[in-house]
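So the chains spell out like this:
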Amino acid sequence: MAKTPLAPPLSSSRLALVALLSATSVFFLWKSRRRLRVLLSPYSSMNPPKPSPRGKIIYASATGTSRSLAGRLSDCLRSHGLAFDLVDPRHYEPEDLPKEALVLIVASTWEEGRPPPDAQFLARWLAESAADFRVGSLLLAKCRFAVFGVGSKSYGDSFNAAAKDFSKWMRALGASEMAPVWEGDVDSGDVDEVFELWSRRIVALLKGEDSKKESGHSGSTVESVGFDESDEEVEEEVLEPVVVDMEDIAGKAPSRRSSVALANGWENGVRDMVTPVIRVNLEKQGYKIIGSHSGVKLCRWTKSQLRGRGGCYKHSFYGIESHRCMEATPSLACANKCVFCWRHHTNPVGKSWRWKMDNPLEIVDVAIDEHTKMIKQMKGVPGVKPERLSEGLSPRHCALSLVGEPIMYPEINTLVDELHRRHISTFLVTNAQFPDRIKMLKPITQLYVSVDAATKDSLKAIDRPLFGDFWERFLDSLKALRDKEQRTVYRLTLVKGWNAEDVEAYANLLGIGKPGLVEIKGVTYCGSSATSKLTMDNVPWHSDVKAFSEALAMKSRGEYEVACEHAHSCCVLLAKVDKFKIKGEWYTWIDYERFHELVASGKSFKTEDYMAPTPSWAVYGAEEGGFDPDQSRYRKERRHGAASLQT
């Protein structure tokens, strides 16, 4: 009888490949299921059941419906022995959210899918925090929440958009959603019944009587349930080809013949600097895009001083009024890809101006208009002082340091002239790659050069410049600064493990540019990404910055001394003794009215012509640490990384 031939044995390499693919599939399946459990389970390992402090019921109400429903929910919870506070968002401090363990939101949707006016400050805070790399995805990791939406289906796509947005932002900040968004439709007439069912569901979850997962109610979308693994991948695939610039050092530039070119706004051979995707990305982060290449954003210190909670380091060092400062840029593009870039390189890059160019006067007009609109939105925010709000509507300072490289803009002098004509002082920061542009600049109130490293190798590693002759450009920029007669500043950003040990090399650079002032600041952690591997270990303490500053002052052999500090910003100021110290007293503040008089005169003038005395509370070593005693200190609880998961 013939024997059936045996199948050839599998080779060891084939067996290894099959085993690897099987293990990989099992791992990703486990990871996906585990992630969903963490995001959706009310009693996940991230948030184990335990006695919680009083929860919050926050209502976003336009006509009173949501407020009424929230009151009913409060009564229902109280009847089951669950203590919750009923919260009007007008009187709630969003910065207290990280302290909350339980938050229930009843939200109506107002015009164009936005929350009602009383809840828009809370919504902006959540949206900006969720989009801000510096905040991180664990800010609300201690918090469990649920959202009920009140809307009308007759509004189509904006039906309960506000409720879905609240859910999305809370999840993006690490909060755990107890149940998907439930949606009530006022047109159907069954809002009360649907809300009653949702309330019972919440009670059961809070009492541990129901741990079932569910889909959303009444048309709730997948987005309202939780993050899907594919969502993040799609977002990256969409952004990648458009965000990468034509001169990206990674060499990923799209073909000029591709459809991407059309999306980038080509017109008569010239394109917009800000593509549609970049525009959406920056607007999500709170930027107001001006024309095709400029931007303005409300600084957190502006908000802080509007509320009487202290100003930025420029207030302490130079006497600006932070609540009257406009942060802007006429060029969102840059010639570097710094490892500590706040935008993680989502803005354009380039070696020269090759985009459409907007009128400088129009840029100033729109920037001031957008800035004042953002100031007006602070009206009614808890703590905002009416007199400060009124003053804030008339900006008196402009920090041309928002993002990008301002001096790349060909009409920078005209723009600066217009700001000065309106009695708005200028603080312009350049990244030391365009020495010829520095030379042609007209007088600036205070001109900065970013000195991110002191050696060629460390500058290449930290700034990741596009120019091959970056070091020569850097040194020439410092030399160009030396020839300026107005106030000049080296701005040092210390990154532990990268440049915080190069005191001797930094001291050598002081002799090249002879700056009047040296700002030394610890790096701000913006989160890790594919383009930056910085961690919190790279962020120096204020004591580290002070020690570095004192060592640098000593290396200058008396030419510079430590003059001021702003502990909150982890920032220290060195000043040239022969310019800024008169009879033993520091004069680092600026006489702004005198500066504008000097500019208007058309005559040459020097740093000494518009100095003002530094107040004692801002001087280095003062017990106030640079905090203005006329302001009220507000201390936030800061928790990062694993610390945010501890109770």
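Provided above is the structure to which this section pertains.
On a predicted model such as this, the values are computed, not experimentally measured, just so you know.

**Regarding the packing of aromatic side chains**
If you walk through the whole model with that rule in mind, you get 16 aromatic pairs. On the numbers, 5.0 Å between centres and 80° between planes, the contact of Phe148 with Phe195 is edge-to-face. Of this pair, Phe148 sits in strand E4 (residues 144-151) while Phe195 is found in helix H5 (residues 191-206), placing the two residues 47 residues apart along the sequence. When the ring centre of Phe467 is taken as origin, the NZ or CZ atom of Arg473, which lies over that ring, is 3.7 Å away.

**Details of the side chain of Gln486**
Relative to the elements of secondary structure, Gln486 occurs in the loop between helix H16 (470-482) and strand E13 (487-494). For Gln486, the residues in contact, after removing those within four places along its chain, are Pro443, Ile444, Phe605, Thr607 and Tyr610.

**Structural notes on the pattern of salt bridges**
This model, assessed by the stated rule, comprises 32 salt bridges. Among the salt bridges present, the one from Glu196 reaches Arg200, with a minimum N-O distance of 3.5 Å. Of this pair, Glu196 and Arg200 are both found in helix H5, four residues apart, which corresponds to roughly one turn of the helix. Overall, the relative accessible area of 32% leaves Glu196 in the partly exposed class. For Arg200, a relative accessible area of 51% puts it in the exposed group. Overlapping salt bridges, with partners in common, bring together Arg54, Lys56, Asp85 and Glu100 in one network.

**Brief notes about the packing of helix H3 (residues 120-131) against helix H4 (residues 161-172)**
Two measures define how a pair of helices packs: the angle their axes make with one another and the distance between the axes. Viewed as axis vectors pointing N to C, H3 and H4 meet at an angle of 45°, and their least axial separation amounts to 9 Å. When the axes of H3 and H4 are compared, the pair comes out oblique. Handedness of the crossing formed by H3 with H4: left-handed. Contact residues: Leu122, Ala123, Leu126, Ala127 and Ala130 in H3; Phe166, Trp169, Met170 and Ala172 in H4. Of the residues assigned to the contact of H3 with H4, the class counts are nine nonpolar, no polar and no charged.

**A closer look at unusual backbone geometry**
Backbone geometry places His423, a non-glycine residue, at a positive phi of 60°. Inspection of the secondary structure puts His423 in the loop between helix H13 (412-421) and strand E11 (425-430). In this structure His423 comes out as partly exposed when scored by relative accessible area, which is 33%. You will see that Lys583, though not glycine, has its phi angle at about 50°, which is positive. A residue is classified by how much of its surface remains accessible, and Lys583, at 83% relative accessible area, is exposed.

What counts, and at which threshold
- Residues numbered from 1 in each chain as written.
- Predicted model: local features only at pLDDT ≥ 70, side-chain atom pairs only at ≥ 80, totals over all residues.
- Heavy atoms only, no water.
- Phe/Tyr/Trp six-rings, centres within 6.5 Å; stacked < 30°, edge-to-face > 60°.
- Helix = DSSP H or I, 4+ residues; strand = E, 2+ residues; numbered from the N terminus.
- Lys NZ or Arg CZ within 6 Å of the ring centre and 35° of its normal.
- Contact = heavy atoms within 4.5 Å.
- Salt bridge = Lys/Arg side-chain N within 4 Å of Asp/Glu carboxyl O.
- Buried < 20%, exposed > 50% of the residue type's maximum accessible area, 1.4 Å probe, protein only.
- Axes fitted to C-alpha atoms, helices over the stretch in contact; angles between N-to-C directions.
- Parallel < 35°, antiparallel > 145°, perpendicular 65-115°, else oblique.
- Left-handed = near helix turned anticlockwise from the far one by under 90°.
- Nonpolar A, V, L, I, M, F, W, Y, C, P; charged D, E, K, R; others polar.

Functional significance is not addressed by these values, which are geometric in nature.
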